[in-house]
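A closer look at the structure
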Amino acid sequence: MKLLDGKEISAQIKEEIKAEVAAMIDNDIRPPHLAAILVGEDPASQTYVASKEKNCQSVGIISTAYRLPENTTEEELLKTIDFLNKDDEVDGFIVQLPLPKHLNDDKVIKLIDPTKDVDGFHPENIGKMVLGEDTYLPATPYGIMELLKRYDIDTAGKNCVVLGRSHIVGTPMSILMSRNSKPGNATVTLCHSRTENIKEIAAQADILIAAVGKPHFVTADMVKDGAIVVDVGIHRIEDASKKSGFRLIGDVDFEEVSKKASYITPVPGGVGLMTIAGLLLNTLKARKAKM
Ligand code: GUN
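Residues numbered from 1 in each chain as written. Predicted model: local features only at pLDDT ≥ 70, side-chain atom pairs only at ≥ 80, totals over all residues. Heavy atoms only, no water.

**Side note on the packing of helix 1 (residues 6–26) against helix 2 (residues 43–59)**
Following both chains from N to C, one finds helix 1 and helix 2 inclined at 55°, their axes separated by 8 Å at the closest point. Between helix 1 and helix 2, the interaxial angle falls into the category oblique. For the pair formed by helix 1 and helix 2, the contact residues are Lys 14, Ile 17, Lys 18 and Val 21 on the first element and Asn 55, Ser 58 and Val 59 on the second. Partitioned by chemical class, the residues of the contact of helix 1 with helix 2 number 3 nonpolar, 2 polar and 2 charged. (Axes fitted to C-alpha atoms, helices over the stretch in contact; angles between N-to-C directions. Helix = DSSP H or I, 4+ residues; strand = E, 2+ residues; numbered from the N terminus. Parallel < 35°, antiparallel > 145°, perpendicular 65-115°, else oblique. Contact = heavy atoms within 4.5 Å. Nonpolar A, V, L, I, M, F, W, Y, C, P; charged D, E, K, R; others polar.)

Below is the structure:
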């Protein structure tokens, strides 16, 4: 078994971005600027946004976070989106999901200027992705594709099973893996909560991508010998032996599955870091589009 090491590959990507941003600054070009809107107090979302800010700083990308209270109205949120849509000094921005229940994620995403939608969630950008046109790819699938690419994983003609059909991960992942690209050209099966015989289908995968949001959903009996396993899940579970009182686990039972897999992403240190790398790449792309 070999690790698909998100820590190493994301560090490599960040070095590449840092060098490009440094060259911009040397040439008196404004560095890229990413903004993030966070509504409410969801602890996971707070962690993600803080991590995005820290990672931007580490490569020289300017970052601004707009932290709005839980009871923000749709109208107030729209004002912030409108402001960022019009601000020439902001190249791209994201609205951290999920939004509080009184706000509609899909409706809000449609209000983002597609040219600034570095999450690649706007219907226009999703449409371009489906057609294979140049656009911002959703950060997690983008990060996974980069990871597979940089490990030179051969996906053409292989059986790829994606578990989970979220708009953020499962659905775009299934499209990217089936596109005529490298990596890509896989034969893709998208499984979800209504799939019958999910264990049997997963066990036929050459490449298994788990994005179901359930801790240790994927057990060793669901994995073919030699499969490539990508774990998108990230869950906190109590662990008294840790100083923090918790540890992070994925959708995959790493200990057992890693005995069968040829390649596998760890949690932490896998897909999570690649998501950030994907977002930074999109932000750089947004800046370059204006140069
Ligand atoms: N929530 C979970 N993942 C993401 C992401 O990639 N972007 C945004 N905006 N929200 C998320």
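**Topic: the site of the ligand**
All residues in the neighbourhood of the ligand are listed as Val 95, Gln 96, Leu 97, Asp 119 and Phe 121. At 2.8 Å from a nitrogen atom of the ligand is found a main-chain nitrogen or oxygen belonging to Val 95. Between the ligand and Leu 97 there is a distance of 2.9 Å, counted from a nitrogen atom to a backbone nitrogen or oxygen. Contact with the protein chains covers 86% of the free accessible surface of the ligand, which is 280 Å². When the residues that make up the shell around the ligand are grouped by side-chain class, the tally is 3 nonpolar, 1 polar and 1 charged. (Near = heavy atom within 4 Å. Polar contact = N/O pair within 3.5 Å; in protein donor to acceptor, adjacent residues only side chain to side chain. Areas by Shrake-Rupley, 256 points an atom, 1.4 Å probe, with all protein chains shown as cover.)

**Some thoughts on the pattern of salt bridges**
The final tally for this structure, using the stated rule, is 16 salt bridges. A salt bridge links Asp 91 to Arg 30; the shortest N-O distance between them is 3.0 Å. Residue Asp 91 is located in the loop between helix 3 (74–86) and strand 4 (92–95), and its partner Arg 30 is located in the loop between helix 1 and strand 2 (33–39); the two are separated by 61 residues in the primary sequence. Taking the relative accessible area as the measure of exposure, Asp 91 reaches 1% and is therefore buried. The shortest N-O distance in the salt bridge between Arg 67 and Glu 53 comes to 2.8 Å. Of this pair, Arg 67 sits in strand 3 (residues 62–68) while Glu 53 sits in helix 2; the two residues are 14 residues apart in sequence, bridging distant segments of the chain. Shared partners join several salt bridges into a network, and the residues in it are Glu 16, Glu 146, Lys 149 and Arg 150. (Salt bridge = Lys/Arg side-chain N within 4 Å of Asp/Glu carboxyl O. Buried < 20%, exposed > 50% of the residue type's maximum accessible area, 1.4 Å probe, protein only.)

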